[in-house]
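Observations on chain architecture
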Amino acid sequence: MAGRDELLTQIEQELRTLNLPVSRGGYSDLDIAAEFLNTSWLGGKKKIVFEGLVRADSAEQTVYYYSMTQETGSGISFGSSNSESFQSGTTLYRKVKLVQYGLDGKAYEIKLDLGAIPKQVKAVATAHGWRFKTAILRGKMATGASS
């Protein structure tokens, strides 16, 4: 079994291969704060923000993962969205494709594979002999929090 620091370093490296901004020493062991979309067009605006937290509990040999995606928008537009998801235990794996048109033409097109994030974290954890669990409450992810 790998040590906690080695495990967190490898998880951080894997998340960076997904072009995610990862930081240490924040709220949890590894914090991800990404703005996937922030755009405005004639008649509207849309923003998609993602927060991910990873905490490694040495006593339990368990990696905990929490995520939240927040979408805000307003205005006049039309478009299409396609979302597919599946759940494995308490972990939701989700792919999203959005195409939106405003009064002045195509406003944005975005494809997100949000399921790749917990998939990478779980793969590293299990490869190192650790368990993987999804946390439902953000408060459980604070560094030093008990499960």
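These numbers come from a predicted model, not from an experiment.

Turning our eyes to something else, we now look at the packing of aromatic side chains. Here the structure, examined in full by the defined rule, presents two aromatic pairs. On the numbers, 5.8 Å between centres and 40° between planes, the contact of F36 with F50 is tilted. Taken together, the residues F36 in strand β2 (residues 30–41) and F50 in strand β3 (residues 44–57) connect sequence positions 14 residues apart. By relative accessible area, F36 is classed as partly exposed at 23%. Over the ring of Y27 we find R138; its NZ or CZ atom is 3.9 Å from the centre of that ring.

This part takes up helix α1 (residues 4–17). An α-helical turn contains 3.6 residues, so any two residues separated by three or four positions project in the same direction. Its 14 residues place the ends of α1 20 Å apart at the C-alpha level, agreeing with the 20 Å of an ideal helix rising 1.5 Å per residue. Looking only at α1, the buried set comprises L7, L8, I11, E12 and L15. The arc that holds every buried residue of α1, seen down its axis, measures 135°, which confines them to one face. Across α1 from its buried face, at more than 90 degrees, point the exposed residues D5 and T17. Contact partners of the buried residues in α1: β1 (22–24), β2, β3, β4 (62–75) and α2 (116–127).

The subject of this paragraph is the side chain of S28. With respect to the secondary-structure elements, S28 resides in the loop between β1 and β2. If near-sequence neighbours (up to four positions away) are discounted, S28 is found in contact with L53, V54, R55, M141 and T143.

Contact geometry of α1 with α2 gives a least axis separation of 9 Å together with a crossing angle of 150°. The angle between α1 and α2 falls in the class roughly antiparallel. By crossing handedness, the relation of α1 to α2 is classed as right-handed. Residues L7, Q10, I11, E14, L15 and T17 of α1 form the contact with α2, whose own contacting residues are I117, Q120, V121, V124 and A125.

Reading guide: rules and limits
- Residues numbered from 1 in each chain as written.
- Predicted model: local features only at pLDDT ≥ 70, side-chain atom pairs only at ≥ 80, totals over all residues.
- Heavy atoms only, no water.
- Phe/Tyr/Trp six-rings, centres within 6.5 Å; stacked < 30°, edge-to-face > 60°.
- Helix = DSSP H or I, 4+ residues; strand = E, 2+ residues; numbered from the N terminus.
- Buried < 20%, exposed > 50% of the residue type's maximum accessible area, 1.4 Å probe, protein only.
- Lys NZ or Arg CZ within 6 Å of the ring centre and 35° of its normal.
- Expected span 1.5 Å × (residues − 1).
- Arc of directions from axis to C-beta.
- Contact = heavy atoms within 4.5 Å.
- Axes fitted to C-alpha atoms, helices over the stretch in contact; angles between N-to-C directions.
- Parallel < 35°, antiparallel > 145°, perpendicular 65-115°, else oblique.
- Left-handed = near helix turned anticlockwise from the far one by under 90°.

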